[in-house]
Amino acid sequence: MTESSLTMSVKPNVWQGGFSPFRISWGKLMMWYFLVGDSFSFGAFLITYGALRFSYESWPLPTEVFKSFPFLENVEVPLGFVSFMTFTLIMSSVTMVLAVHYGNAERNRYKVAKWLAWTIVGGLIFLSSQAWEWTHLITHGMTMKHNPFGAPAFGWLFFTITGFHGFHVFTGVIINIIILINVLRGVYDRRGSYEMVEKVGLYWHFVDLVWVFVFMAFYLL
Amino acid sequence: MAHEMQTAVSSPVTDHVHFQTVEGEIREPEHIPHHKENFVTKYIFSQDHKTIGKQFLFTGMFWAFVGGLLSLIFRLQLGYPGQSFPILETLFGKWAAGGIITPEFYYKLVTMHGTLLVFFVLTAGLSGTFANLLIPLQCGARDMASPFLNMLSYWFFFAASVVMLISFFIPDGAADGGWTFYPPLNGLREASIGSRAGADYWLIGMALFIISSLLGGLNYITTVLNLRTKGMSMNRLPLTVWALLITAILGLISFPVLLGAAILVLFDRNLGTSFFLDEIFIGGRHLDQMGGNAILYQHLFWFLGHPEVYIIILPAFGLVSEIIANNARKPIFGYRAMVLSMLAIAILAFVVWAHHMFVTGLNPFVASVFVFLTLLVAVPSAVKVFNWLATLWQGNIRFTPAMLFAIGFVSLFISGGLTGIFLGNSALDIPLHDTYFVVAHFHIVMGVSAFFGMVAGVYHWFPKMFGRYMNHTLGYVHFWITLVGAYLVFWPMHYMGLIGLPRRVWSLDAYQNFSMYGDMNRFMTDAAMLVFFAQILFILNFVYSIFWGRKVTVKNPWQSNSLEWTTEIVPGHGNWKGPIPTVYRWPYDYSKNGDDFIPQTEPYRPGEEKLHH
Amino acid sequence: MVREGFDMVKEIWKTFWILLVVTILEIGLALTLTGHVPQMLLNVFYILASLAKAFYIVAVFMHLKFERKYLIITVLLPMVFMLFAVVVLLVEGDWWYYLKRY
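Because the structure is predicted, anything quoted here is derived from the model rather than measured.

Undergrad: For this particular structure, what's the right way to read the overall build of chain A?
TA: When helices and strands are tallied, chain A shows 7 helices and 0 strands. Its helices and strands in sequence order give chain A the pattern α-α-α-α-α-α-α, from N to C terminus. Expected size for 221 residues packed as a compact globule is a radius of gyration near 17 Å; at 22 Å, chain A overshoots this value by more than 25%. Overall, the C-alpha framework of chain A stretches about 75 × 40 × 20 Å when taken along its three principal axes. Within chain A, the proportion of its 221 residues that are buried is 54%. Of the contacts formed within chain A by residues at least 6 apart in sequence, a portion of 71% connects residues at least 24 apart.

Now the structure itself:
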């Protein structure tokens, strides 16, 4: 910084201008603040869930609603399938953060592509699991209007909120695929930085983060 | 600051628009690349923040005209009840059969007047215009962080505008359930004519609008934080930038909640859910949709809705602070207090929303908490008012049209703010709610005063936008008619409201004891028309001055300190031809040491006293 | 930025195991203890466990604990408003239940 010597008595600080006070690029900052905003749209839905649930006398038991597992027709596995889904999502978060790490630390195109591809696979498994779970519940009579397990509100809240989350997973998978193509084409090697992978990674972890609370709301509480 | 810079030196340049490294250092290129621009990239799908700002301004002015016209039509009904205006039938057909507007049409007019003015004019038109125009110029940036997202922000706003405009022309007409869009009136297709297709258009238009303001807001925040020029520390930012930054933060946090609420209403209407519906009977038949709660929507709406009114007023705060300091030729009084009070207002914005719901059957304990928090808002608001007055005190005032509108803003903000203290008390709000007292309060404190801030900004920064001045004589006429007229329209509403005249009523004939206000209503309608015609004068002045106004010949026509006046008279893409100037002082060094003004780019002289960092 | 000599990969896998164990614990308690201990006790545990998981995801996976102090503050501070809204709306929900009964 080439400030005039006359202003040097002012204590230098990170807010001085000419660079980011957080030492990160505007792109990453924008992704962070987008996620702050988006957490409020999920917040609105989950708050809706909480307020409505508090106004009800009784609420369906999660262990009663979610007890089926694909290909196991007559066996009851309470919370079994959702455990699998949760595991998939955590796993895909791990693969994503590994992709980010190998991009930032080593700029290793091969490793980034490998872990990003696994992340996409994880996302797709999660989405298909959700599709199966939805189909199963709908065939058993739980829809946007009815719920054979108890309060109808459980039905429409479940489909709306998990649907909104699934929509985020879906867009995350699409964006990951685009980034994977860019990685393979060497776009980020030419640019000299894998920051784009990191930004997408932030979004992906956010989706995982939201699932923690969706999972808590519908499957545990 | 070597410790700050070491990491950045070796790191590659990742972004070719702003030359900012991954570590966030701004790099100036050797040569600023000049892309060949054609008509479409320069004027339509422009990525230049100044052009986008003008696009927001033009669209906002269009909606201001439409929204104002709508209010005139329903004021005709209120001022001249039962009187036939054949022209209305010619224009609106079945909606004004016999020259008298129908109740359904009245509600459409009121709903769309509110929606358009609150969101499309005073949110997008105000902060969209001035955030785009001023943030990069006053922070010392070549453009917004992401010019592309900035362009998308405008075009989402445009799409929202198109959807809203179409909704006027569909067979059932636009939405009619109030700008707050409460269910069940809006949550059920059967509720009224406007809650058929019109309400869906409204929801989709608002969803597009929210996306637009989020894209814009993210850009504003990151630009202010990350792309300030060297020396432009946060406490050297002009108050306009502070205000626009805080506005964007409010929008970023509150608009997603409205998006959520809008999605839920859309589901209630179209997918058979009942988030906001419970125990409803239509024609004696019990509705299947039940189990939700209509108050829930109001909570979600006002969690946005209250920050929204600060989103409207904060940019006006910023513009007015800048204009008053500049034209009083005095440093702004209490810069730090101004910033802190805006931050305090922003924080309080999120914890006072339920004061809009005192009579909905809110839990009384919750209501009492909200009364307390609401009344706290008076403190930072008063700090700001006293600071403006202290800035004016013994100033060497230049009464430009911008300055007049800024002073008018302070007057209106005081008048409207005082009635807010009445309404913030739940005990007083019970008799006053839903009367014309409320209408008077929010029109003066937020509607008209934010409009004054916006107009002041247009007069002040017109030379920067178009390189010409607006006509000052017309500006003075515009100001006096608008100020006096606005008080004449809205002041009497306080008295009507105090004796209980309800708002949102098509005709007061049903209430015998309100017939005493017939004359006053007619007077207010006439005053409203006068004010509206003064705005046409403004539009004429605006359009005329763009093409034929007096040319600006100096870089700094208002002898201002801030950075936007160091550029060319009409800056091109990239703002500064040479390197971006470095900043050495705050923007309010007016009348210091015998100098009329000292621009921010001027280093401190030996022995000069520092008024501020 | 991450310190020199800091093994990020190890940190990532450590976090993975923490998340996995907490989740298994949550599900395990839900399957075994529901109906045997006061539900309120379980709910408190679920909420605390979820917050813990959220902390690890944000801090390690999203790198927030390696970022500058002010970024951490600006990201976390708005969540106070969400917390406020949660409390108000839960009190309201309880109030609606009360209104329904009387």
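Undergrad: I'm lost on the overall build of chain B in this one. Help?
TA: A tally of helices and strands in chain B yields 17 helices and 4 strands. Computed over the C-alpha atoms, the radius of gyration of chain B is 25 Å, within 12% of the 25 Å expected from 2.2 N^0.38 for a compact globule of 613 residues. Each of the three principal axes of chain B carries a C-alpha extent, and together these read 80 × 55 × 50 Å. In chain B, which comprises 613 residues, the share counted as buried stands at 55%. The long-range share in chain B, meaning contacts at least 24 apart out of those at least 6 apart in sequence, stands at 78%.

Undergrad: Mind showing me how you'd approach helix α4 (residues 79-101) of chain C here?
TA: The α-helix winds at 3.6 residues per turn, so residues separated by three or four positions along the chain end up facing the same way. The terminal C-alpha atoms of α4(C) lie 33 Å apart, and with 23 residues this matches the ideal 33 Å at 1.5 Å per residue to within 8%. By the burial criterion, the buried members of α4(C) are Phe81(C), Met82(C), Ala85(C), Val88(C), Leu89(C), Glu92(C), Gly93(C), Trp95(C) and Trp96(C). On its buried face, α4(C) sits against α1 (26-54) of chain A together with α8 (239-270), α9 (294-328) and α11 (364-376) of chain B.

Undergrad: Hey, could you run me through the interface of chain C and chain A in this one?
TA: For an interface, size is often stated in terms of accessible area lost upon the parts coming together. Tallying the contact residues gives 38 residues for chain C and 36 residues for chain A. For the side of chain C that touches chain A, the residue count by class is 26 nonpolar, 5 polar and 7 charged.

Undergrad: Explain the packing of α8(B) against α9(B) to me, please; I cannot follow it from the model alone.
TA: Residues and elements named next belong to chain B. α9 packs onto α8 with a crossing angle of 160 degrees between their chain directions and a minimal axis gap of 8 Å. Here α8 lies roughly antiparallel to α9, going by the angle between them. Along this stretch, α8 crosses α9, giving a crossing that reads as left-handed. Here the residues of the contact of α8 with α9 sort into 23 nonpolar, 7 polar and 2 charged.

Undergrad: In this structure, what is going on with the interface of chain B and chain A? I would like to understand it.
TA: Facing the 52 residues of chain B at the interface are 47 residues of chain A. The element contributing the most residues to the side of chain B that touches chain A is α8(B), with 9 residues.

Undergrad: Got a minute to help me understand the packing of helix α1 (residues 8-33) of chain C against helix α2 (residues 39-61) of chain C in this structure?
TA: Packed helices, taken two at a time, are described by the angle their axes make and the gap between the axes. All names here are of chain C. Their axes nearest at 10 Å, the elements α1 and α2 cross at an angle of 165 degrees. The pairing of α1 with α2 is recorded here as roughly antiparallel in orientation. Of the two possible hands of crossing, α1 and α2 adopt the one that is left-handed. When α1 is examined against α2, the residues Glu11, Ile12, Thr15, Ile18, Leu19, Val22, Leu25, Glu26, Leu29 and Leu33 are found in contact with a partner set consisting of Leu42, Phe45, Tyr46, Ala49, Ala52, Lys53, Tyr56, Val60 and Phe61. When the residues that make up the contact of α1 with α2 are grouped by side-chain class, the tally is 15 nonpolar, 1 polar and 3 charged.

Undergrad: What is the right way to look at unusual backbone geometry in this model?
TA: Phi is mostly negative for residues that are not glycine, and the peptide bonds are mostly trans. Residue and element names in this part refer to chain B. Note the cis peptide between Pro183 and Pro184, where omega equals 5 degrees. Even without being glycine, Glu279 reaches a positive phi, approximately 50 degrees. Within the element layout of this structure, Glu279 appears in the loop between α8 and β1 (281-282). Even without a glycine there, the phi angle at Gln394 is positive, about 60 degrees. Mapped onto the fold, Gln394 is located in the loop between α12 (378-392) and α13 (401-424). Given 9 C-beta atoms within 10 Å, Gln394 falls into the exposed group.

Parameters and conventions
Residues numbered from 1 in each chain as written. Chains lettered and ligands numbered in written order. Predicted model: local features only at pLDDT ≥ 70, side-chain atom pairs only at ≥ 80, totals over all residues. Helix = DSSP H or I, 4+ residues; strand = E, 2+ residues; numbered from the N terminus. Rg over C-alpha atoms; globule rule 2.2 N^0.38 Å. Buried ≥ 20, exposed ≤ 12 C-beta atoms within 10 Å, placed from the backbone. Contact = placed C-beta atoms within 7 Å. Expected span 1.5 Å × (residues − 1). Nonpolar A, V, L, I, M, F, W, Y, C, P; charged D, E, K, R; others polar. Axes fitted to C-alpha atoms, helices over the stretch in contact; angles between N-to-C directions. Parallel < 35°, antiparallel > 145°, perpendicular 65-115°, else oblique. Left-handed = near helix turned anticlockwise from the far one by under 90°.

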